Every structure is written in structure tokens, then in C-alpha cells.
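Per-entry structural report
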There are 2 protein chains.
Amino acid sequence: MDDRAQSIIDAKAKVLKALGHPTRLFIVEELARGERCVCELVKLVGADFSTVSKHLTLLKNAGVVQDDKRGQMVYYTLKVPCILRFMDCIEAVIVSGSCK
Amino acid sequence: MDDRAQSIIDAKAKVLKALGHPTRLFIVEELARGERCVCELVKLVGADFSTVSKHLTLLKNAGVVQDDKRGQMVYYTLKVPCILRFMDCIEAVIVSGSCK
DNA sequence: TATATATTTGGTAATATAGCCAAATATATG
DNA sequence: CATATATTTGGCTATATTACCAAATATATA
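My aim in this report is to walk through the structure given alongside it, one point at a time. In this text the structure is predicted, and so the values were computed from the model without any measurement.

Let us now look at the protein's contact with DNA strand C. Among the 23 residues in the neighbourhood of DNA strand C, the closest are listed as C39(A), S53(A), K54(A), S50(B) and H55(B). Each atom of DNA strand C within 4 Å of the protein belongs either to a base or to sugar and phosphate, the latter forming 63%. Elements that contribute at least two residues to the surface near DNA strand C include exactly α3 (38–45), α4 (49–61) and β3 (73–78) of chain A together with α4 (49–61) of chain B. Across the surface near DNA strand C, the residue classes tally to eight nonpolar, nine polar and six charged.

Applying the stated criterion across every chain yields a total of 14 salt bridges over all chains. Between E30(B) and R36(B) there is a salt bridge; the shortest N-O distance is 2.7 Å. According to the relative accessible area criterion, E30(B) is buried, its value standing at 9%. With a relative accessible area of 16%, R36(B) lands in the buried category. Here D67(B) and K60(B) are joined by a salt bridge, their closest N and O atoms 2.8 Å apart. A network of salt bridges, in which partner residues are shared, links K12(A), E29(B) and E91(B).

All names here are of chain B. It is at 11 Å that the axes of helix α2 (residues 22–31) and helix α3 (residues 38–45) come closest, and there the two elements cross at 125 degrees. Judged on the interaxial angle alone, α3 and α2 are oblique. By crossing handedness, the relation of α2 to α3 is classed as right-handed. Along the contact surface, α2 presents T23, F26, I27, E30 and L31, while α3 presents L41, L44 and V45.

The next point concerns the interface of chain A and chain B. When the parts of a complex come together, some accessible area is lost, and that lost area is often taken as the interface size. Taken together, the contacts link 37 residues of chain A with 37 residues of chain B. Taken together, the two surfaces of chain A and chain B that pack against each other cover about 3200 Å², and 77% of this comes from carbon and sulfur. Taken together, the connections running from chain A to chain B amount to four salt bridges. The interface formed by chain A and chain B holds four residue pairs in polar contact (both at pLDDT 80 or more) in total. Breaking the side of chain A that touches chain B down by element, the ones donating at least two residues are α1 (3–19), α2 (22–31) and α5 (82–95) of chain A. The greatest single-element share of the side of chain A that touches chain B, amounting to eleven residues, is contributed by α1(A).

By definition, a disulfide links two cysteine residues through a covalent bond between their sulfur atoms. All told, the structure shown has two disulfides over all chains when counted by the stated rule. The disulfide partner of C82(A) is C89(B), and the gap between their sulfur atoms is 2.0 Å. Between C82(A) and C89(B), the S-S torsion sits near 75 degrees, and that sign places the bridge as right-handed. Here C82(A), found in helix α5, pairs with C89(B), found in helix α5 (residues 82–95), and the two come from separate chains. No difference in accessibility class separates C82(A) from C89(B), as the two residues are buried.

Neighbouring DNA strand D are 23 residues; K17(A), H55(A), C39(B), S53(B) and K54(B) lie closest to it. Protein-adjacent atoms of DNA strand D, using a 4 Å cutoff, are sugar or phosphate at a proportion of 65%. In this structure, T51(A) approaches DNA strand D through a side-chain N or O atom, which is 3.1 Å from a phosphate oxygen. Between DNA strand D and the protein, one listed contact pairs a phosphate oxygen with a side-chain N or O atom of Y76(B) at 2.9 Å. For the surface near DNA strand D, the elements supplying multiple residues, two or more each, are α4 of chain A together with α3, α4 and β3 (73–78) of chain B. Residue classes in the surface near DNA strand D are distributed as eight nonpolar, nine polar and six charged.

What counts and how
Residues numbered from 1 in each chain as written. Chains lettered and ligands numbered in written order. Predicted model: local features only at pLDDT ≥ 70, side-chain atom pairs only at ≥ 80, totals over all residues. Heavy atoms only, no water. Near = heavy atom within 4 Å. Helix = DSSP H or I, 4+ residues; strand = E, 2+ residues; numbered from the N terminus. Nonpolar A, V, L, I, M, F, W, Y, C, P; charged D, E, K, R; others polar. Salt bridge = Lys/Arg side-chain N within 4 Å of Asp/Glu carboxyl O. Buried < 20%, exposed > 50% of the residue type's maximum accessible area, 1.4 Å probe, protein only. Axes fitted to C-alpha atoms, helices over the stretch in contact; angles between N-to-C directions. Parallel < 35°, antiparallel > 145°, perpendicular 65-115°, else oblique. Left-handed = near helix turned anticlockwise from the far one by under 90°. Contact = heavy atoms within 4.5 Å. Buried area = accessible area lost by both parts, 1.4 Å probe. Polar contact = N/O pair within 3.5 Å; in protein donor to acceptor, adjacent residues only side chain to side chain. Disulfide = S-S within 2.5 Å.

Encoded structure:
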């Protein structure tokens, strides 16, 4: 495998890895319903502010979410909604063990 | 979040996490082209036999691949091809930074 | 300006992951 | 049966991840 192919694989794996944590996946699915500020996500997730903030930073670095600071709050939105269509596939994996 | 919702999230995150490693993602994309034995994957990946075997075990536990032992060889196949359709989305994330 | 609120950053400890080697297991073949 | 090949498992070390706390930063408001 050449360097270019390898770096594409690496980049894709990075996105998938970002989604591969229960808290981050939860956040992504919550953001699918609309913009949320960090404080809302903290309440929903039930973890420390710093923990949620770090998960959000990681998602942002992976290119999955974007942030928008307005006043003293930071609002996060899902940058790549196509990810959600994939969830049906993942769900199929865990429910029936296969998909089309 | 209730226990049931939590365990669904956990299961989905497990699948995504399994895909979130360059070597495993490479294996999945290779299996998308057809069945491969471990020895072929070892050559393609260029890592130790035991390393590849462990990645395959992890993918199997996540429900992504299945194995079939024939003779002294073990052949792996992709169990959930719908995962591949998702790759276009992931690729969009890393190339253009957004998707529809 | 002082203070409260929202968020991020730094530090740290516990746990998980990845990769290699060596050993074990299974199957085929001489 | 002995040996070679294919694969997995166990053990180990290095590295990465996660979560919390405390401190720093930024912004709003009294």
C-alpha cells in the first residue's frame, strides 16, 4: 500500500474511531436532533464538564462536528449528517447480525 | 438514558470502534472484494500473524466479519456489506469536510 | 471592577489497546 | 507417526485513552 492510500485509510479510521465511543456516539445522535450547547450535553451525558468538552474536541478534530461560540456558550452542530444514515446499518449489525 | 438505550449505544459504538483502526479498516475494505484467508491478509497488511489474527478476532466479536475454516486455512468474509456504503460518507468527511 | 457562568486546558491515575515473540493447537502430508 | 503449515492464544511492554479534579480563560452582568 502506498503512502497516499495509507493516509486515506488513516483519516477514515480516525473518523470511525471518533464515533466509536458510547459517549461520543450519544452526542452525535443528540446533535442529529439539532444544535446543542456544551452545558446541555453535559446534563444529558451525565459526565464531568471537562470530559464532555474533551469528547467534543475530539469529534471536532475528526471533522464530525463544528462549534460556534455565541456569548458565553459554545454551540455544537453535526457537520456530517450522512453519518446518521449509516447508523441503520450499524443497528442492523447488532440486531440481526447482517444487512443488505 | 435508560439501560436499554445505553446498551444499544454501547453495541453500536463497539462496531464503530472495531472499524476505527487503520489495519482493521484495511482488512474490511479488502474483504469487501471477496473472501480472504488469514495468510493473504497477513501478507497484505505486513504485520505479524498474531497481530492480524487478533484484529480479525476483534472484528468477528463486533459482528463485522465471519470466519470459515476449511482445511488448515481460515477464510474471512465481510458479514455486513452495508458498512461499505458508509465509506463514501466518511470519505466525504475527510475530503470536503461535509456531506449531504 | 468584582463576580458568576460557560468552557477549555493541564495534570494525573486507572484502564485499554497494539504489536511482537514464543508457545499451543489444528490440520495436512510425507 | 513425524513434520510442515496455518492460525490462535498467552505474555509482555509501550503507548493511548478515559475520566476526574483543579486551574485557567472568556464572557456576561451586577
